[in-house]
Amino acid sequence: MSDSYDPLHDPEKDAHVVVPALQQAIDRARKVLDEKAPANIHDRDEMIRAAYGLHYVLHDLLAALDAERGTR
């Protein structure tokens, strides 16, 4: 039995068009982390929004690190 779902990230649909500068990605990650910190862990919708937001800033941060290092 399999459930139908939409993943947070689909590499075929969610490829980076623009990779942010490393410092910009770090600043954005810190900002979103601060914004999501007070989310109610017992509120399903808040947790989904937090996971979604944190996933994308982490994705951008890693892309910026890869670009700076010349990998990927």
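Rules and cut-offs
- Residues numbered from 1 in each chain as written.
- Predicted model: local features only at pLDDT ≥ 70, side-chain atom pairs only at ≥ 80, totals over all residues.
- Heavy atoms only, no water.
- Helix = DSSP H or I, 4+ residues; strand = E, 2+ residues; numbered from the N terminus.
- Buried < 20%, exposed > 50% of the residue type's maximum accessible area, 1.4 Å probe, protein only.
- Expected span 1.5 Å × (residues − 1).
- Contact = heavy atoms within 4.5 Å.
- Polar contact = N/O pair within 3.5 Å; in protein donor to acceptor, adjacent residues only side chain to side chain.

With that settled, the discussion passes to the environment of E35. In this fold, E35 is placed in helix 1 (residues 22–36). Looking at E35, the relative accessible area reads 43%, which means it is partly exposed. Distance from E35 to L54, taken between C-alpha atoms, is 9.9 Å for residues 19 residues apart in sequence.

This part is about helix 2 (residues 44–69). Taking 1.5 Å of rise per residue, 26 residues should cover 38 Å, and helix 2 covers 37 Å from first to last C-alpha, within 8% of that figure. Taken as a whole, helix 2 has its buried residues at A50, G53, V57, L61, A63, A64 and D66. At its buried positions, helix 2 is contacted by helix 1. The opening residue of helix 2 is D43, an N-cap whose side-chain oxygen sits 3.0 Å from the backbone nitrogen of D45. The positive-phi residue at the C-terminal boundary of helix 2 is G70, with phi of around 75°.

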